[in-house]
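Spelled out, the chains give:
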Amino acid sequence: MARITPLWSSAELTVYRFDHPVEHEDQPFCARSDAYRASFVEEGTFDLEIGEGRWRVEPGDVMLSHPGMAFRSAFQGTGFSDTCLSIVYQAANDDGFDRAGSWAAAGRPVLRASNRLRYLRWGLARAVDEGAPMFAEYCATEIFQAPPHLEPTALFSEKRFAWYVERVHHVRDRLDAEFAEPFSVADLARSVGMSLFHFSRVFTELAGVPPHRYLLKARLKAARAMLSQGRSVTETCYACGFNNLSHFSRSFARRYGAAPSAIARGSLAG
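Residues numbered from 1 in each chain as written. Predicted model: local features only at pLDDT ≥ 70, side-chain atom pairs only at ≥ 80, totals over all residues. Heavy atoms only, no water.

J.: How would you sum up the pattern of salt bridges? Please name residues and give values.
T.: For the structure shown, the criterion picks out 18 salt bridges. Here lysine 217 makes a salt bridge to glutamate 142, at a shortest N to O gap of 4.0 Å. One end of the pair, lysine 217, is in helix H8 (residues 211-228); the other, glutamate 142, is in helix H4 (residues 133-144), with 75 residues separating them in the sequence. With relative accessibility at 11%, the residue glutamate 142 sits in the buried group. With a closest N to O distance of 2.4 Å, aspartate 187 and arginine 190 form a salt bridge. Note that aspartate 187 and arginine 190 are positioned in helix H6 (residues 185-191) at a spacing of three residues, about one turn of the helix. Since its relative accessible area comes to 57%, arginine 190 is described here as exposed. Connected via shared salt-bridge partners are Arg17, Glu42 and Arg121. (Salt bridge = Lys/Arg side-chain N within 4 Å of Asp/Glu carboxyl O. Helix = DSSP H or I, 4+ residues; strand = E, 2+ residues; numbered from the N terminus. Buried < 20%, exposed > 50% of the residue type's maximum accessible area, 1.4 Å probe, protein only.)

As structure tokens, this is what we get:
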């Protein structure tokens, strides 16, 4: 019998750990998913069958499922021994998530282990341990916004990954909190004891975007919040670290599909 241990939940998301205790099942089983779910495999190996597709799922991989997805799982060895850290997007229907059905159409229920996925699993576990809902939401957003197309890369050793991840996380925190500052990538790299090119490569691999794009997203997110609170477009532009109003307006429109003035007028929902 599978065991589910709730870890954290909000109105939108639920995080739990899934494992099989000593009296584990010894027969394959069939099931049908009832939610959008991403399960980070922490331990154990199992075989997954969906229609004609077959996958061997191993530690570091992520299994993606969507409502109505029928699948069959079979164990390796004497019985199921997998442990997964799972996140469920329980507000998917209310949020109008995946109206185009891209998760089902992608036909990619298993994402292979990568340093990027390791970072998201680390972040999710860290958010649960530290009671940091915004970090949990960040990790969920990254995995649910679209199944990432990740090129196979060499995995860092555990020691090196731990060293890198703390530095990337530290820089992310700085960019989120000090988004208006005139950062340079070289300054950020020096602040965590790394060279410019090495830091840029590692940050991009773990965070999913280069440092300058991460900072731009942080600034635009802050700008949207300021505008929704009634601040003017010009005031918001300079308060968020932009030095050019036209550049700010173009970047905002590309990110949100509408001009900053649309939020200022209260006409852009969400």
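J.: I'd like a description of the sheet that holds strand E8 (residues 70-75), backed by residues and values.
T.: Strand order in this open sheet of four strands is E3-E8-E5-E6, and the pairing throughout is antiparallel. Each edge of the open sheet is held by one strand with a lone partner, namely strand E3 (29-32) and strand E6 (53-57). Strand-to-strand twist across the sheet, computed as the mean angle between neighbouring axes with direction ignored, equals 25 degrees. Taken together, the five bridges between strand E5 (residues 46-50) and E6 define a ladder with antiparallel strand orientation. Its bridge partner being in E6, leucine 48 is matched across the sheet by tryptophan 55. (Pairing = 2+ DSSP bridges. Axes fitted to C-alpha atoms, helices over the stretch in contact; angles between N-to-C directions.)

J.: Describe helix H5 (residues 158-177), naming the residues involved and giving the relevant values.
T.: In a regular helix each residue adds 1.5 Å, so 20 residues correspond to 28 Å; H5 covers 28 Å between its end C-alpha atoms and thus fits that length. For H5, the full list of buried residues reads Phe161, Tyr164, Val165, Val168, His169, Val171, Arg172 and Leu175. (Expected span 1.5 Å × (residues − 1).)

J.: Tell me about the packing of helix H3 (residues 115-130) against helix H7 (residues 196-207), residues and numbers included.
T.: The geometry of H3 relative to H7 is characterised by a closest axis approach of 7 Å and an angle of 65 degrees between their N-to-C directions. In terms of orientation, H3 and H7 fall into the roughly perpendicular class. For the pair H3 and H7, contact is made by Asn115, Arg116 and Tyr119 and by Glu205, Leu206 and Ala207, respectively. Class assignment for the residues of the contact of H3 with H7 results in three nonpolar, one polar and two charged. (Parallel < 35°, antiparallel > 145°, perpendicular 65-115°, else oblique. Contact = heavy atoms within 4.5 Å. Nonpolar A, V, L, I, M, F, W, Y, C, P; charged D, E, K, R; others polar.)

J.: With reference to specific residues and values, describe the environment of cysteine 30.
T.: With respect to the helices and strands, the residue cysteine 30 is situated in strand E3. Spatially, the C-alpha atom of cysteine 30 lies 29 Å from that of alanine 11, the residues being 19 residues apart in sequence. Leave out the neighbours within four places in its chain, and cysteine 30 touches Phe71 and Arg72.

J.: A description of a negative patch on the surface should follow, citing residues and the corresponding values.
T.: A contiguous patch of negative charge on the surface is contributed by Glu12, Asp94, Asp95 and Glu137. With respect to the element layout, glutamate 12 can be found in the loop between strand E1 (3-9) and strand E2 (13-19). Residue classification places glutamate 12 among the partly exposed positions, given a relative accessible area of 34%. (Patch = residues over 30% accessible without salt bridge, like charges linked within 9 Å, V, L, I, M, F, W, Y side chains within 5 Å. Areas by Shrake-Rupley, 256 points an atom, 1.4 Å probe, with all protein chains shown as cover. Lys, Arg positive; Asp, Glu negative; His and termini not counted. Charge placed at Lys NZ, Arg CZ, Asp CG, Glu CD.)

J.: Residue-level account of the packing of aromatic side chains, with values.
T.: Per the counting criterion, the structure on display carries 15 aromatic pairs. Look at phenylalanine 242 and phenylalanine 248: their rings are 5.0 Å apart centre to centre, the planes differ by 50 degrees, and that puts the pair in the tilted class. By relative accessible area, phenylalanine 248 is classed as buried at 0%. One aromatic cluster in this structure is built from Tyr119, Trp122, Phe135, Tyr138, Phe199, Phe203 and Tyr214. The positively charged end of arginine 118 is found above the aromatic ring belonging to phenylalanine 161, 4.2 Å away from the centroid. The ring of tyrosine 138 carries the charged tip of arginine 172 above its face, separated from the ring centre by 4.1 Å. (Phe/Tyr/Trp six-rings, centres within 6.5 Å; stacked < 30°, edge-to-face > 60°. Lys NZ or Arg CZ within 6 Å of the ring centre and 35° of its normal.)

J.: Lay out the environment of proline 133 in plain terms, naming residues and giving numbers.
T.: If you trace the backbone, proline 133 turns up in helix H4. Taking C-alpha positions, proline 133 is 8.3 Å from serine 10, a pair spaced 123 residues apart along the chain.

J.: Would you mind going over the pairing of E5 in detail, with residue names and values included?
T.: The two faces of a sheet get side chains in turn, since along a regular strand they alternate between them. Following E5, the chain reverses through two residues before pairing antiparallel with E6; glycine 51 in that reversal takes a positive phi of roughly 60 degrees. Taken together, the four bridges between E5 and E8 define a ladder with antiparallel strand orientation. Residue pairing across strands places phenylalanine 46 opposite phenylalanine 75, the latter belonging to E8.

J.: Before we move on, can you summarise the sheet that holds E1 with the specific residues and values?
T.: Across the sheet, six strands lie side by side as E1-E2-E9-E4-E7-E10; this open sheet has antiparallel pairing. Strand pairing shows two members of the sheet lacking a second neighbour, E1 and strand E10 (110-111), which therefore form its edges. As paired elements, E2 and strand E9 (residues 83-89) share seven bridges and run antiparallel to each other. Looking at the pairing, aspartate 19 lines up with threonine 83 of E9. Taken strand by strand, H3 contacts E1, E2, strand E4 (36-43), strand E7 (62-65), E9 and E10, and its axis lies near 95 degrees from that of E4.

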